[in-house]
Structures are given as structure tokens and as C-alpha cells.
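# Geometric and topological summary
Given next are the chains, with one letter for each unit.
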Amino acid sequence: MFDWAIDPRFWAGLLQIIWIDIILSGDNAVVIALACRRLPRHQQRVAIFAGTGAAIALRVSMATVVTLLLEISYLKLIGSVLLLWIAIKLLAPQDQEGGEGGSIGNLWQAIRTIVIADFVMSLDNVIGIAAAAKGSVLLLTLGLMISIPLIVFSSTLILKFMGRYPWIITLGGALLGYIAGEMAVTDRAVTGWIADHVPVLHTVGPILGIVFVVAVGKALAVRAAKSE
């Protein structure tokens, strides 16, 4: 019944999934830290665990269909726009809402942001994880579940540094902009045209994503400061 427990291929696949997830989850840890930085300290851990758990569960579901999803034209372009919006939203200053009701609302907003951003950024990542699982749902689930504490730890660490060094917030937004730009220029609907007519866009696209996110985020911050 538990033949998988003594199958070396199972354990090799499990180690591969954990390793892949560690390598590919750095950007997700940044999103989690950015989304939680405005929460009260006692709610930050709740948002980190809840958001990470929901995101991992979503990855398990995605991994079974992600190869087909990535063959759909314009999906990455849509994801790129969504990720740009998330990055700007995370960088832009927000009004502080008072009271317990506002605090709870912000908690759910943070969790929702973590899940949406993880979904968008994991479209490519879970291909490697699904390949390592070789069709085993058990292997896939175990590997991703084991990686949860690693993502939580890195998110908590980044969150602490953000409190001390605010420039890390801008750096995190720039990372999301880079990923969004890279997604946009690798969508199957446009990548061929870009390669034939504007190949430099494959290099410049991610940089443009950085510039756009940081510029818009800073502009919103300046406008907010003037209105105070």
C-alpha cells in the first residue's frame, strides 16, 4: 500500500520539488513581505501563514493544468498587466484605516494580494514542479507542503528588513515589475513577432517593467505627500 515509501524515485522527486520551490520562491517571499508590511505586527504572521498556505494549495491545483494554460495566447499578457497593477498598489501609499474593522479588512486584502500575485508569478514556476512530480499528486502535494515553512521564514526575514531599510520596498516593487515585463514579452501571441521585428524587446521588456512600476509608484507617493 505504501510502496512509494521505499521507492528511491519518489524521494528523488520529492527532493527535486522542494529544491525547485526554494529556488523559485524568492520573488513570492518579496510579494508576501510587501503585502504584509502595513499590517499590525500581530496580524503579519497570520497573513503570512494564511497567504502562503492558500498560495501553495493553488499551486497544487495549477500544476495539473499549467502546461495547457501556458499554451493559451494572451494569458501571460493578462498576467503581466495584473502583476504591474499589484506592484504599483503595493508601492503606493495607503490611508491608514482606524479601528478593528479596518484592520481586519487590511488583513484579508493582504492575503488576497498574496494569492493573486503568487498565481500570476507561478505560471512558469510550477512547470518544473509538475515535471518533477511526474504525475504524482501525492509527491506534488508533499513537496509543496514541506516548502511552506521555508517560504514563511524568508518572508518574515524580508519583512523585518523592510522595517529597517525602506528602500527594500522599492526594490521589491522593481522585482515585480521585472517579472511582469518578462511575462509580457514571452507570451506566445507576441514572442514570435518580437523575435522577428524587435528582438531587443526581449531584453528591454523587463527593464521597462521596472521603470514603469517604480516611476508610477513614486509619482503616487509624491502626490499623496502633497495632498497631506
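Residues numbered from 1 in each chain as written. Predicted model: local features only at pLDDT ≥ 70, side-chain atom pairs only at ≥ 80, totals over all residues. Heavy atoms only, no water.

Once that is clear, we can look at the overall build of the chain. Of the regular secondary structure elements, the chain holds 10 helices and zero strands. Within the chain, the fraction of its 228 residues that count as buried is 42%. Across the chain, every contact between residues at least 6 apart in sequence was considered, and the portion connecting residues at least 24 apart equals 87%. (Helix = DSSP H or I, 4+ residues; strand = E, 2+ residues; numbered from the N terminus. Buried < 20%, exposed > 50% of the residue type's maximum accessible area, 1.4 Å probe, protein only. Contact = heavy atoms within 4.5 Å.)

This part covers the packing of helix α5 (residues 75-91) against helix α10 (residues 201-227). Two elements in contact, α5 and α10, have axes whose closest approach is 9 Å; the angle formed by their N-to-C orientations is 35°. Considering the relative orientation of α5 and α10, their crossing is right-handed. Taken together, the residues of α10 that come into contact with α5 (itself represented by L84, A87, I88 and L91) are G209, F212, V213, V214, V216, G217 and L220. Its residues placed into classes, the contact of α5 with α10 shows nine nonpolar, two polar and no charged. (Axes fitted to C-alpha atoms, helices over the stretch in contact; angles between N-to-C directions. Left-handed = near helix turned anticlockwise from the far one by under 90°. Nonpolar A, V, L, I, M, F, W, Y, C, P; charged D, E, K, R; others polar.)

Here the focus is the packing of aromatic side chains. Aromatic rings considered in pairs are described by the distance between their centres and by the relative angle of their planes. Across all of its chains, the model carries two aromatic pairs by this definition. Ring geometry for F161 and Y165: centres 6.3 Å apart, planes at 20°, overall stacked. Classification of F161 by relative accessible area gives partly exposed; the value is 35%. Classification of Y165 by relative accessible area gives partly exposed; the value is 38%. Through a chain of ring-to-ring contacts, three or more aromatic side chains come together here, namely F161, Y165 and W167. (Phe/Tyr/Trp six-rings, centres within 6.5 Å; stacked < 30°, edge-to-face > 60°.)

Next up on the list: a nonpolar patch on the surface. A contiguous nonpolar surface patch, about 660 Å² in accessible area, is contributed by F153, L157, F161, Y165, W167 and L171. Secondary-structure elements contributing two or more residues to the nonpolar patch are α7 (137-164) and α8 (167-185). At three residues, the largest contribution of residues to the nonpolar patch is made by α7. Position of F153 relative to the elements: it lies in helix α7. (Patch = residues over 30% accessible without salt bridge, like charges linked within 9 Å, V, L, I, M, F, W, Y side chains within 5 Å. Areas by Shrake-Rupley, 256 points an atom, 1.4 Å probe, with all protein chains shown as cover. Salt bridge = Lys/Arg side-chain N within 4 Å of Asp/Glu carboxyl O.)

Quick look at the environment of I86 now. Mapped onto the fold, I86 is located in helix α5. A relative accessible area of 2% means that I86 is categorised as buried. Expressed as a C-alpha distance, the spacing of I86 and A117, which sit 31 residues apart in the sequence, is 7.1 Å.

To continue, consider α5. For α5, which comprises 17 residues, the first-to-last C-alpha distance of 25 Å matches the rise-based estimate of 24 Å (1.5 Å per residue) to within 8%. What α5 keeps buried is the set K76, G79, S80, L83, L84, I86, A87, I88, L90 and L91. (Expected span 1.5 Å × (residues − 1).)

Mapping T113 onto the fold places it in helix α6 (residues 99-133). For T113, the contacting residues outside a window of four places in its chain are V31, A35, I86 and L90.

Bringing the nonpolar core into the picture now. Within soluble globular proteins, side chains that are nonpolar tend to cluster in buried spots. Core analysis: the largest hydrophobic core is formed by 36 residues, its most contacted members being L34, C36, A47 and L83. Among residues more than four places away in sequence, those in contact with A47 are C36, L39, T52, L107, A110, I111 and I114. (Core = buried A, V, L, I, M, F, W, Y, C linked by side-chain atoms within 4.5 Å.)

Mean pLDDT over the chain: 76, with 71% of residues reaching 70 or higher. Ranking the elements of the chain by mean pLDDT puts helix α4 (residues 66-69) last, at 55, and helix α9 (residues 191-197) first, at 92. (pLDDT = per-residue confidence, 0-100.)

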